[in-house]
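Descriptive structure summary
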Amino acid sequence: MRVLVLGAGATGGYFGGRLAQSGADVTFLVRPARAQALARDGLRIRSPLGDADVAVRTVTADALAAMVGQTPFDLVLLSCKAYDLASAIAAVAPAMGEGTTLLPILNGLLHYDALDARFGRANVLGGLCFISATLAADGTVVHLGRPASITFGERDGGAGARVADFAALCARVGIDHRASDDIAQAQWIKFSFLAALAAGTCLMRASVGDIAGTEGGAACMAALHDECLAVAAAAGHPVPAQARDTARAGLLDAASDVKASMLRDLEAGHRVEAAHIVGDLWHRARDAGLAAPLLQAGWVHLQCYAASRDPQQA
Ligand SMILES: NC(=O)C1=CN([C@@H]2O[C@H](COP(=O)(O)OP(=O)(O)OC[C@H]3O[C@@H](n4cnc5c(N)ncnc54)[C@H](OP(=O)(O)O)[C@@H]3O)[C@@H](O)[C@H]2O)C=CC1
Ligand SMILES: CC(C)(CO)C(=O)C(=O)O
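Thresholds, definitions, all that
Residues numbered from 1 in each chain as written. Chains lettered and ligands numbered in written order. Predicted model: local features only at pLDDT ≥ 70, side-chain atom pairs only at ≥ 80, totals over all residues. Helix = DSSP H or I, 4+ residues; strand = E, 2+ residues; numbered from the N terminus. Buried ≥ 20, exposed ≤ 12 C-beta atoms within 10 Å, placed from the backbone. Contact = placed C-beta atoms within 7 Å. Domains from an automatic or database assignment. UniProt positions renumbered as here; feature names shortened; annotations may be inferred. Near = placed C-beta within 6 Å. Nonpolar A, V, L, I, M, F, W, Y, C, P; charged D, E, K, R; others polar. Pairing = 2+ DSSP bridges. Core = buried A, V, L, I, M, F, W, Y, C linked by C-beta atoms within 7 Å. Axes fitted to C-alpha atoms, helices over the stretch in contact; angles between N-to-C directions. Parallel < 35°, antiparallel > 145°, perpendicular 65-115°, else oblique. Left-handed = near helix turned anticlockwise from the far one by under 90°.

What follows is about the environment of Trp-282. The topology assignment puts Trp-282 in helix H12 (residues 275-287). Using a count of 26 C-beta atoms within 10 Å as the deciding quantity, one classes Trp-282 as buried. On a C-alpha basis, the gap between Trp-282 and Pro-293 in space is 8.9 Å, while along the polypeptide they are 11 residues apart. Those residues in contact with Trp-282, other than ones at most four positions away along the chain, are Ala-292, Leu-295, Gln-296 and Trp-299.

So, about the domain arrangement of the chain. Along its sequence, the chain is organised into domain 1 (2-181) and domain 2 (185-309). Taking only C-alpha atoms, the centre of domain 1 and the centre of domain 2 are 25 Å apart. At four residues, strand E8 (residues 126-135) tops the list of elements feeding residues into the side of domain 1 that touches domain 2.

Attention now moves to the UniProt feature "domain: Ketopantoate reductase N-terminal" (unreviewed entry) in the chain. In the numbering used here, UniProt assigns the "domain: Ketopantoate reductase N-terminal" (unreviewed entry) feature to residues 3-156. This span, residues 3-156, is 32% helix and 32% strand, and a straight line between its end C-alpha atoms measures 23 Å.

For ligand 1, the set of nearby residues contains 30 residues, the closest of which are Gly-7, Gly-9, Thr-11, Leu-106 and Asn-107. Counting only elements with at least two residues in the shell around ligand 1, the list comes to helix H1 (10-21), helix H4 (85-92) and E8. Among the elements that make up the shell around ligand 1, the one with the highest residue count is E8 (six residues). Here the shell around ligand 1 is composed, by residue class, of 15 nonpolar, 10 polar and five charged.

In this structure, Gly-145 sits in strand E9 (residues 141-153). According to the C-beta neighbour criterion, Gly-145 is partly exposed, with 15 such atoms within 10 Å. Spatially, the C-alpha atoms of Gly-145 and Ile-131 are 7.8 Å apart, while their sequence positions differ by 14 residues.

This part covers the pairing of strand E3 (residues 43-46). Alternating positions in E3 separate cleanly, Leu-43 and Ile-45 being buried on one face and Arg-44 and Arg-46 remaining unburied on the opposite face. Of the pairings in the sheet, the one linking E3 to strand E4 (residues 52-54) comprises three bridges and is antiparallel in character. Within the sheet, the bridge partner assigned to Leu-43 lies in E4 and is Val-54. In terms of strand pairing, E3 meets E9 through two bridges, oriented parallel. Note that in E9 the partner of Ile-45 across the bridge is Val-141.

Moving on: the nonpolar core. The nonpolar side chains of soluble globular proteins are, as a tendency, buried together. If you look at the biggest cluster of nonpolar residues, it comprises 97 residues, and the most contacted ones within it are Leu-6, Val-76, Leu-78, Ala-195, Val-278 and Leu-295. Split by domain, the residues of this core number at least three in each of domain 1 (2-181) and domain 2 (185-309).

For the rest of this paragraph, the subject is the sheet that holds strand E7 (residues 101-104). Taken in spatial order, the five strands of this open sheet run E5-E2-E1-E6-E7, and their pairing is parallel. In this open sheet, the two strands that pair with only one neighbour each are strand E5 (57-59) and E7. In this sheet, neighbouring strand axes are inclined to one another by 25° on average, regardless of whether the strands run parallel or antiparallel. In this structure, strand E1 (residues 2-6) lies alongside strand E2 (residues 25-29), joined through five bridges in parallel fashion. By the bridge assignment for E2, Leu-4 is matched with Thr-27.

This brings us to the pairing of strand E10 (residues 176-179). The alternating pattern of E10 places His-177 and Ala-179 on a buried face, while none of Asp-176 and Arg-178, on the opposite face, is buried. When E9 meets E10, the two strands line up parallel, connected through four bridges. The residue bridging Phe-152 from the neighbouring strand is Ala-179, located in E10.

Another point: the packing of helix H7 (residues 183-204) against helix H13 (residues 293-309). Two numbers describe how H7 lies on H13: the axes approach to 9 Å, and their chain directions differ by 60°. One element, H7, and the other, H13, form an angle in the oblique class. In this structure, H7 crosses over H13, and the sense of that crossing is left-handed. Counting all contacts with H7, which are made through Ala-195, Ala-199, Cys-202 and Leu-203, the residues of H13 involved are Leu-294, Leu-295, Ala-297, Gly-298, His-301 and Leu-302. In terms of residue class, the contact of H7 with H13 is built from eight nonpolar, two polar and no charged.

Right, dumping it as structure tokens:
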């Protein structure tokens, strides 16, 4: 299977790097500065699951069409931030030939409209990942904590050959993965958890454990999670009790140092995917007639952050 990974950041660098480390046929579509750094330093991963220093093949957008002309890609793994979606779509377009499948692992759901419009719904799998990772200033992919998994599936349900093929590749290289026959449910489980985590940890500028240690903190996170679960149910994807309890335990764990990746971005002064995640979920709550005051507070807070950071991009 020939794989193109858009982006060699935290998630794309981690999962693409694991593919490359195991000898899979993987190419990173990156911008010139990252291409130069990767040519010089290779791809460095620092992880509790094992460090890796891998020489990787890269291509920049201007050279992609020529590369595809030689040998087409089977799978494009999309790992940009939501605010880079338009440029990422333009960059990968030459790789999306007949028989090429796109697998986005971005958080949230809004990106599917743009991907379907550009590439056709049938060519876009549903996907998500569970990992806490960041790109250090020197370009190292730093994996924080142990989970590192990808979940993917056909958006109309069932299992197809392309899902089985990617699952077989993940199994071969040792990437923890789930081939889901109900990816929409998996996406809503993650989205409702993540939106609560992002809104809660960004509002409080604190980890899950620090919030849980305050008076009223656990009740506040539980109420926020309830708001997010209500939106999932209203969207026709109620989160099953077991998944709800697992997510809730993660959000209330007093021993947890977990923060949403959005909080790490915010603390670093970076742009955040607020509209794509917390804003989108609040808009869905509002449109369904659901009260979601904590989600609303998170969304307002993040808009204020974005406006103070860069009024043009808010
Ligand atoms: N980090 C985490 O722990 C987790 C993140 N996610 C989600 O995964 C998605 C990706 O996040 P993450 O990996 O952290 O983001 P990063 O910012 O670390 O990586 C994204 C990469 O995409 C590259 N990119 C963007 N646009 C283009 C383009 N047009 N051409 C080439 N490269 C491009 C960026 O390159 P450049 O450096 O040149 O800008 C950047 O390196 C987000 O939706 C996030 O919410 C999900 C689970 C966990
Ligand atoms: C919830 C988590 C940590 C899981 O991958 C995540 O997606 C994020 O922080 O962006």
